[in-house]
Amino acid sequence: MLLCKWNGVVIIGRNVKIKAARGALDMTQKALAEAVGISRQTMNAIEQGDYNPTIKLCRAICKVLGKSLDELFGEEDS
Amino acid sequence: MKGKKSNNMLDEMQDNKLLKIEEFGFWLVFWVLFAAILLQALMGTTLKELAGEIVALFAAGVYIAISSLKNGLWTRKYAPTLKANLITSAIPSFILGVLNAVRAFVILKKPIEFGVTAQIAAISVGAYIACFALLEVFRLIYEKRRRKLDDTEAEDER
């Protein structure tokens, strides 16, 4: 999930940063989902921007991927 | 995310979805039960025969009301105001009036005379006053509870 600003409105978009960080660790979506204790369906929904995870889950994903909250879920201006 | 101590087999998204499904299921049962009571009442079923359904509906209503007030919640769409309560109270009063009128004049085929009409009107007005009084009591409890919860949260900020 990425928070993007478009015409001043915050929208939820696809989270390519998670996918990239996961790819860098050669980790599948399923492996990441298992590592943070969620289903692959939920992990996929987060990456697609269809589900807005809680801060607790965001932190768990960051911990597994070795990234900060800002790096994975930080706001981006577009 | 699954907690270590929790027996919940679902993650947070699945849990949210299940909660939404359960919420929809609850309101479906609530309104179907409400419609069933109205329909049975129209067909001449007595209050004694409807006791089970009424108790079930009443229990659900009481639970929703108490839980909402305890958590300082009102409705999603309307603010708790005197005007909103005056308007909302008219809904059950109107339903009861129509129900009694249909039952008296259509089903029981009573003659349209002053006594019967006055009785129906009196029941509707009584229901209106009772609903309005109840909503106003709820509003006072809500405002008191809201103040208490906001004060507690403000103390935590210090």
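Residues numbered from 1 in each chain as written. Chains lettered and ligands numbered in written order. Predicted model: local features only at pLDDT ≥ 70, side-chain atom pairs only at ≥ 80, totals over all residues.

A. Focus on the overall build of chain B. Within chain B one finds five helices and zero strands. Secondary structure of chain B in N-to-C order comes out as α-α-α-α-α. Computed over the C-alpha atoms, the radius of gyration of chain B is 21 Å, more than 25% above the 15 Å expected from 2.2 N^0.38 for a compact globule of 158 residues. Counting only C-alpha atoms and orienting by the principal axes, one finds that chain B spans roughly 70 × 35 × 25 Å. The 158 residues of chain B split such that 4% are buried. Of the contacts formed within chain B by residues at least 6 apart in sequence, a portion of 62% connects residues at least 24 apart. (Helix = DSSP H or I, 4+ residues; strand = E, 2+ residues; numbered from the N terminus. Rg over C-alpha atoms; globule rule 2.2 N^0.38 Å. Buried ≥ 20, exposed ≤ 12 C-beta atoms within 10 Å, placed from the backbone. Contact = placed C-beta atoms within 7 Å.)

B. Inspection of the interface of chain A and chain B at higher detail. Each partner contributes residues to the interface: chain A has twelve residues there, and chain B has six residues. Elements represented by at least two residues in the side of chain A that touches chain B include exactly α3 (40-48) and α4 (55-65) of chain A. For the side of chain A that touches chain B, the element with the most residues is α4 of chain A, which contributes three residues.

C. Looking closely at the domain arrangement of chain B. Residues and elements named next belong to chain B. Taken domain by domain, chain B comprises domain 1 (12-70) and domain 2 (76-158). On a C-alpha basis, the centres of domain 1 and domain 2 stand 18 Å from each other. Every contact between the two is made by six residues of domain 1 and, on the other side, eight residues of domain 2. For the side of domain 1 that touches domain 2, the secondary-structure elements that each account for two or more residues are α1 (12-42) and α2 (51-70). The element best represented in the side of domain 1 that touches domain 2 is α1, accounting for three residues. Among the residues making up the side of domain 1 that touches domain 2, the classes are represented as five nonpolar, one polar and no charged. (Domains from an automatic or database assignment. Nonpolar A, V, L, I, M, F, W, Y, C, P; charged D, E, K, R; others polar.)

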